[in-house]
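What follows is the residue order along each chain.
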Amino acid sequence: MIYHELIVVGGGLAGLRAAIEAKRAGVDVAILSQVYPARSHSGAAQGGINSALANHPDSADDTPEKHTFDTVKGSDYLADQDAAKQMCEDAIPILYQMEHWGCPFSRFDDGRIAQRPFGGAGYPRTCYGADKTGHYLLHTCTNEAIKAGVPFYTEWFVTDIVRDADGRACGVVAYDMTAGGFEGFQAEAVVIATGGAGRTYSNSTNAIISTGFGASLAYRAGVPLKDMEFIQFHPTGLLTTNILMTEGARGEGGYLINGEGERFMAKYAPKAMELAPRDITSRSIWTEILEGRGIDGKQFVYLDLRHLGRDKIMERLPGIRDLSIHFEGVDPIDEPIPIVPSQHYTMGGIDTDMDGRTEVPGLFAAGECACVSVHGANRLGGNSLLETLVFGRRSGAAASEYLSGLAQHQRGAAEVEQSLTRMDEKLAALTLRSDGEDPYAVRTEMTETMKEHFGIYREEQIMQAGLDKLLALNERVHNIYLRHSGRVFNLDMIRTYELQGMVEVALTTAAGALNRTESRGSHSRTDYLTRDDENWLVHTLAHREPDGRPKLDQKPVALGLYEPQERKY
């Protein structure tokens, strides 16, 4: 059995930052990741990271307080305001730390970090490195983790969070892809930092490993999932692949054009135009499409960058140009880009406080898999990269503090061994079953159900039909089987094993959406058109029942700074 004081599950920005913080506190910490950390999905974030540095000429009087207000307003007042305030205050030192660690941000002529406008923000406060900001930050933190001496267990898939007799997290069980076997990891604490659940939808911008399975590990360990009904659809995914086209393209002045050649956002957000928050912009695009004003009457509109000129596109948006050429056959210097709203981000996640603590002692979470909540019903662009660094750092510090307070170490070895034995038995059962439910058919039905029944616009009968389909899949998933029984790099085993957790996570989204009888942020119902603060200014909590179904509860929103008001842009 392998022992480390702290295990971090996930090698993206949140996991790396948690591990770096713990290592600096003298903790024996290791990262377990399905991919090499520098290949994590954090690298797909393009447009930038928010911080009220006030470097832009139009943001000279920007402050963390104004950043906090924009975040709370953008969340449709469902964000916990104390957590949003903490994130925005931490943003400035976090940005300068990334700069000092060597992150190659784009610069203004005076040498200061460049900032651009982003949706829902009162000021240009989004710091960027061309259109590859997440990539730059990810490599910066990977280098810093290596420098600190954090060991990486690369190409390992965690299958279980283990708790001891006292209910405390005491380790994990993981599949070693390269050696082809399962190992038990004993630890005093665990940080989950596995990213979002985009792949529960068929039209997602997310990487193939962003399945929500990490959230399901905490869910099965007894931690509720919070606000899972709030799913962000990014306004601009490539038409044929749903690959992300950064909000930075509109921040640099790009237009959204319908089939009649109009900049249609003037009808929906006359002041902010293309830089309205993502929930409003995605609904606006989808309304144009539903009302027949898509390009040639089809289900897409154009993102037009041609007026920006070659030089600006090559300097500020080179990655967008590459992706457009290679995946859509369009050079944005000469032609508009066909785009469609695509599932992009999970506002909900593992219920934590602002230091990453969960209800299970010794179990922490950070990043998109967690819900602090700083995003509420709708996340502002540029706040996701910020969240990973701020709360990754805070969870690493909190886990270190937790470890220093333990009276006894290296407990739970028997429980880890038992979990390892159960995992071998589960795999043997899957391998021996030669027929039953095709896991890939179940996965396809789940992702299509989420797309068709829990999309941008929602309605009771459609959602109920979708929930019924998911409940049926929750029964069928127990009869899935392995196609490939090999031990080394058995990706079929990983995709099959994670499926039950994905279905359970999808059920929390479906049940929460059906239950919330209002429209707020990204949750837009055609049968309940308005926000209902009297009844629904609350967080949704989903607790796992033994059969995998969610039992819903509520939790108050932390208010106190800003009174809820109507959002106008």
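Structure: see above.
Everything numeric in this text was worked out from a predicted model, so none of it was measured.

What counts and what doesn't
- Residues numbered from 1 in each chain as written.
- Predicted model: local features only at pLDDT ≥ 70, side-chain atom pairs only at ≥ 80, totals over all residues.
- Heavy atoms only, no water.
- Helix = DSSP H or I, 4+ residues; strand = E, 2+ residues; numbered from the N terminus.
- Rg over C-alpha atoms; globule rule 2.2 N^0.38 Å.
- Buried < 20%, exposed > 50% of the residue type's maximum accessible area, 1.4 Å probe, protein only.
- Contact = heavy atoms within 4.5 Å.
- Areas by Shrake-Rupley, 256 points an atom, 1.4 Å probe, with all protein chains shown as cover.
- Lys, Arg positive; Asp, Glu negative; His and termini not counted.
- Charge placed at Lys NZ, Arg CZ, Asp CG, Glu CD.
- Core = buried A, V, L, I, M, F, W, Y, C linked by side-chain atoms within 4.5 Å.
- Disulfide = S-S within 2.5 Å.
- Pairing = 2+ DSSP bridges.
- Phe/Tyr/Trp six-rings, centres within 6.5 Å; stacked < 30°, edge-to-face > 60°.
- Lys NZ or Arg CZ within 6 Å of the ring centre and 35° of its normal.

Undergrad: Can you help me understand the overall build of the protein chain in this one?
TA: Secondary structure summary: the protein chain contains 16 helices and 23 strands in total. Computed over the C-alpha atoms, the radius of gyration of the protein chain is 23 Å, within 12% of the 25 Å expected from 2.2 N^0.38 for a compact globule of 569 residues. Based on the C-alpha atoms only, the size of the protein chain along its principal axes is roughly 65 × 50 × 50 Å. Within the protein chain, the fraction of its 569 residues that count as buried is 63%. Put simply, 73% of the contacts in the protein chain that link residues at least 6 apart link residues at least 24 apart. A total of about 20100 Å² of accessible surface is found on the protein chain, and carbon and sulfur atoms cover 48% of it. Put simply, the protein chain has 57 plus and 78 minus side-chain charges, and the middle of one group is 2 Å from the middle of the other.

Undergrad: Is there a simple way to explain the nonpolar core in this structure?
TA: Grouped burial of nonpolar side chains is what soluble globular proteins tend to show. Grouped together as the largest cluster of nonpolar side chains are 72 residues, with contacts concentrated most on Ile7, Leu32, Val172, Ile192, Ile350, Leu363 and Leu470. Residue contributions to this core peak at nine residues, all from helix H15 (residues 499-515). Discounting chain neighbours no more than four positions away, the residues touching Ile7 are Ala30, Leu32, Val172, Phe185, Ala187, Ala189, Val190 and Val191.

Undergrad: Can you walk me through the state of the cysteines in this structure?
TA: Here, disulfide denotes a covalent bond that connects the sulfur atoms of two cysteines. Scanning the model with the defined rule gives zero disulfides in all. For Cys88, which is in no disulfide, the shortest distance to another cysteine sulfur is to Cys127 and amounts to 12 Å. The structure places no disulfide on Cys127, whose sulfur is separated from the nearest cysteine sulfur, that of Cys103, by 9.9 Å.

Undergrad: Explain unusual backbone geometry here, please?
TA: Peptide bonds are trans in most cases, and residues, glycine excluded, mostly fall at negative phi. Omega for the peptide link from Val372 to Ser373 comes to 15°, which places this bond in the cis form. Positive phi, normally seen in glycine, also occurs at Tyr77, with a value near 70°. In this fold, Tyr77 is placed in the loop between helix H2 (64-74) and helix H3 (81-100). Residue classification places Tyr77 among the buried positions, given a relative accessible area of 0%. The phi angle at Asp227 is positive, at roughly 55°, despite the residue not being glycine.

Undergrad: Could you clarify how one ought to interpret the environment of Ile280 in this entry?
TA: Among the structural elements, Ile280 can be located in helix H7 (residues 278-290). As for Ile280 and Pro235, which are separated by 45 residues in sequence, their C-alpha atoms are 8.9 Å apart. The contact partners of Ile280, leaving out residues within four places of it in the chain, are Arg567 and Tyr569.

Undergrad: Hey, could you run me through the pairing of strand S9 (residues 169-176) in this one?
TA: The two faces of a sheet get side chains in turn, since along a regular strand they alternate between them. Within S9, eight of the eight residues are buried, which leaves the element mostly enclosed by the surrounding structure. In this sheet, S9 lies alongside strand S8 (residues 156-163) in antiparallel orientation, the contact comprising seven bridges. Counted as the bridge partner of Ile161 is Val172 from S9. For S9 and strand S10 (residues 181-186), the ladder comprises six bridges, and the chain directions are antiparallel. Residue Gly171 lies in a different strand from S10, and its bridge partner there is Gln186. Between the antiparallel neighbours S9 and S10 lie four residues, among them Gly180 with a positive phi of about 85°.

Undergrad: Where do I start with the packing of aromatic side chains in this structure?
TA: Tallied over the full model, the rule gives twelve aromatic pairs. Summarising the aromatic geometry, the rings of Tyr36 and Phe152 are spaced 5.8 Å apart at their centres and angled 75° between planes, so their arrangement reads as edge-to-face. Residue Tyr36 is found in the loop between strand S3 (29-33) and strand S4 (49-50), and its partner Phe152 is found in strand S7 (residues 152-154); the two are separated by 116 residues along the sequence. Aromatic side chains Tyr201 and Phe233 sit 5.8 Å apart centroid to centroid with 85° between the ring planes, which places their arrangement in the edge-to-face category. Of the two residues, Tyr201 is situated in the loop between strand S11 (189-192) and helix H5 (213-220) and Phe233 in strand S13 (residues 231-238); the sequence distance between them amounts to 32 residues. Judged by relative accessible area, which is 1%, Tyr201 ranks as buried. Taken together, Tyr153, Trp156 and Phe185 form an aromatic cluster joined through their ring pairs. The ring centre of Tyr345 lies 4.1 Å from the NZ or CZ of Arg379, which sits over that ring.

Undergrad: Can you walk me through the sheet that holds strand S6 (residues 126-127) in this structure?
TA: The strands that make up a sheet are held in pairs by hydrogen bonds between backbone atoms, and each pair lies either parallel or antiparallel. Taken in spatial order, the three strands line up as S4-S6-S5 in an open sheet, and their pairing is antiparallel. Edge positions in the open sheet fall to S4 and strand S5 (115-116), since each of these has one partner strand only. Relative to S6, S5 runs antiparallel, the two being bridged by two bridges. By the bridge assignment, Gln115 is partnered in S6 with Cys127.

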